[in-house]
Amino acid sequence: MIPAAFEYHRPKDLEGVLSVLEEHGDDARVLAGGHSLIPMMKLRMADVEHLIDLQDVAGMSGISVDGGSVRIGAMTTQNDIITSDALASAAPIMREAALQIADPQVRYMGTVGGNVANGDPGNDMPGLMQCLDATFTLVGPEGERTVAAREFYEAAYMTDRDDAEVLTAVSFTAQSGGYAYEKQKRKIGDYATAAAAVLLTKEGGSCTSASIAMTNLSDTPIWSEAAGAALVGTSVDDSAIAAAVAAMLGDIDPTEDNRGPIEFKRHAASVVLGRAIARAWSRA
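Residues numbered from 1 in each chain as written. Predicted model: local features only at pLDDT ≥ 70, side-chain atom pairs only at ≥ 80, totals over all residues. Heavy atoms only, no water.

### A closer look at the overall build of the protein chain
What counts, and what does not: By the criteria applied, helices consist of DSSP H or I runs no shorter than four residues and strands consist of E runs no shorter than two, each listed in order from the N terminus. C-alpha atoms define the radius of gyration, and 2.2 Å times the number of residues to the power 0.38 defines the globule rule. The cut-offs for exposure are 20% and 50% of the maximum accessible area for each residue type, with area from a 1.4 Å probe on protein chains only; residues under the lower value are buried, those over the upper are exposed, and the others partly exposed. It only takes one pair of heavy atoms within 4.5 Å for two residues to be counted as in contact. Here the open area of atoms and residues is found with the Shrake-Rupley method and a 1.4 Å probe, where only the protein chains shown may cover a residue. Positive charges come from Lys and Arg, negative ones from Asp and Glu, while His and the chain ends are left out of the count. All charge positions are set by atom: Lys at NZ, Arg at CZ, Asp at CG, Glu at CD.
The helix and strand inventory of the protein chain stands at twelve helices and 14 strands. In terms of overall size, the protein chain behaves like a compact globule, its C-alpha atoms giving a radius of gyration of 19 Å where 284 residues would be expected to give roughly 19 Å. Considering the protein chain as a whole, with its 284 residues, one finds that 51% of them fall into the buried category. Residue pairs in contact within the protein chain that sit at least 24 positions apart in sequence constitute 61% of those at least 6 positions apart. Counting only carbon and sulfur atoms, one obtains 49% of the accessible surface of the protein chain, whose full area is about 12500 Å². On the protein chain, the mean spot of the 22 positive side-chain charges and the mean spot of the 39 negative ones are 9 Å from each other.

### Topic: the sheet that holds strand S13 (residues 206-215)
So the rule is basically this: In this description, strands pair whenever DSSP reports at least two bridges between them. Orientation is described by axes fitted as lines to C-alpha atoms, over the contacting stretch for helices, and by angles from 0 to 180 degrees between their N-to-C directions.
Spatially, four strands are ordered S11-S12-S13-S14 in an open sheet, and the strand pairing comes out antiparallel. Among the strands making up the open sheet, the edge pair consists of strand S11 (178-185) and strand S14 (222-223). Pairing between S11 and strand S12 (residues 192-203): eight bridges, direction antiparallel. Residue pairing across strands places Glu-182 opposite Ala-196, the latter belonging to S12. The sheet contacts of helix H8 (residues 124-131) involve S11, S12, S13 and S14, and relative to S13 the element is tilted by about 155°.

### Here's the deal with a negative patch on the surface
In plain terms, the rule: Note that patches include only residues with greater than 30% relative accessible area and no salt bridge, and the join distances are 9 Å for like charges and 5 Å for nonpolar side chains (Val, Leu, Ile, Met, Phe, Trp, Tyr). Salt bridge, as applied in this entry: a Lys or Arg side-chain nitrogen positioned within 4 Å of an Asp or Glu carboxyl oxygen.
Judged by side-chain charge, Asp-26, Asp-27, Asp-47, Glu-49, Asp-162 and Asp-163 come together as a negatively charged surface patch. Within the secondary structure layout, Glu-49 lies in the loop between helix H2 (37-42) and strand S3 (50-53). Taking the relative accessible area as the measure of exposure, Glu-49 reaches 39% and is therefore partly exposed.

### Here we look at unusual backbone geometry
It is generally the case that most residues other than glycine have a negative phi and that most peptide bonds are trans. Even without being glycine, Asp-133 reaches a positive phi, approximately 55°. Residue placement: Asp-133 occurs in the loop between H8 and strand S6 (135-140). Look at Asp-133 and you get partly exposed, because its relative accessible area is 42%. Backbone geometry at Tyr-157 places phi at a positive 65°, although glycine is not the residue there. Among the secondary structure elements, Tyr-157 is positioned in the loop between strand S8 (153-155) and strand S9 (158-159). On the basis of relative accessible area, Tyr-157 is assigned to the partly exposed category, the value being 45%.

### Concerning the pairing of strand S4 (residues 63-66)
Alignment of S4 against strand S5 (residues 69-73), held across four bridges, turns out to be antiparallel. Bridging from a neighbouring strand, Ile-63 pairs with Ile-72 of S5. A loop of two residues connects S4 with S5, the two strands running antiparallel in sequence, and Gly-67 in this loop sits at a positive phi of about 60°.

### Regarding the nonpolar core
Formally: Nonpolar cores were defined as sets of buried Ala, Val, Leu, Ile, Met, Phe, Trp, Tyr and Cys residues, with membership established by side-chain atoms within 4.5 Å.
By size, the foremost hydrophobic cluster in this structure holds 53 residues, and its most contacted members are Met-94, Met-125, Met-129, Phe-136, Leu-167 and Phe-172. No other element matches helix H1 (residues 14-24), which puts five residues into this core. Of all hydrophobic cores here, the second largest spans 28 residues; its members include Met-214, Ala-244, Ala-247 and Leu-273.

### Details of the packing of aromatic side chains
Where we set the bar: Here is the rule: rings of Phe, Tyr and Trp (six-membered ring for Trp) pair when centre to centre is within 6.5 Å. Planes less than 30 degrees apart are stacked, more than 60 are edge-to-face, and the remainder are tilted. Charge-over-ring contacts are defined here by two conditions on Lys NZ or Arg CZ: a distance within 6 Å of the ring centre and an angle within 35 degrees of the ring normal.
As enumerated under the stated definition, the model contains three aromatic pairs in all. Ring plane angle 90° and centroid distance 5.0 Å describe the contact between Phe-152 and Tyr-153, whose orientation is recorded as edge-to-face. Here Phe-152 matches Tyr-153 in class, with each residue buried. Connected via pairs of aromatic rings, a cluster forms that spans Phe-136, Phe-152 and Tyr-153. Over the ring of Trp-281 we find Lys-202; its NZ or CZ atom is 4.8 Å from the centre of that ring.

See the structure below:
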């Protein structure tokens, strides 16, 4: 199918974007990489009368690593993440996750902001941002504000972002210690059946901190505080990993779809989290 007719806007600055959003309200949507919105428009699942392309808006892309702080502009592509040596040093889990998103053609156009902003539970970056304890910068008619990634997602395709706001950047603290992003999917280019992001630190043979987030296993990404807590103070042996997996299973709520029944998804979640923890610990 092809989309219904719409008016195309390509502002040069954020003020122009906000002006169109204010003028047209719910009839307007912003376009970043387009890999979520355009398919929905083609399927007539999204009726957009005014499409605002962000490609020409200055200051919305780029990666900044300043000491222990990382800032990524919303229009930064997945390929930019993969090729940034500074980001690979500050947060190598970002490159590991980005390499598992779709295929090279998608990664050249798909953006960080587009991946996190629309609340799609199948996207990879929302869970990863929760694992990193990132914050999102939103700009709207009332000015700029920040929202924690762990508080941003409310339900499938529902977030704390107001319709008149634009997500402009994500920020987080540079990471040290072990990391892993593990993903199970049916084929190249598909959403995850289950994915796990793990960050942990090791001191004297013991885990001193752990952050765990899961993707596409509920109607929002799941940051499992209990799963991370199950690892802290342990040597991350088999029993500790089993306890973390059990805690994670208590937090997710998968539904049956064309990726499999609920029990299969829970099994896949168990496997990918176990693998991610083991790999992160080996890197710590």
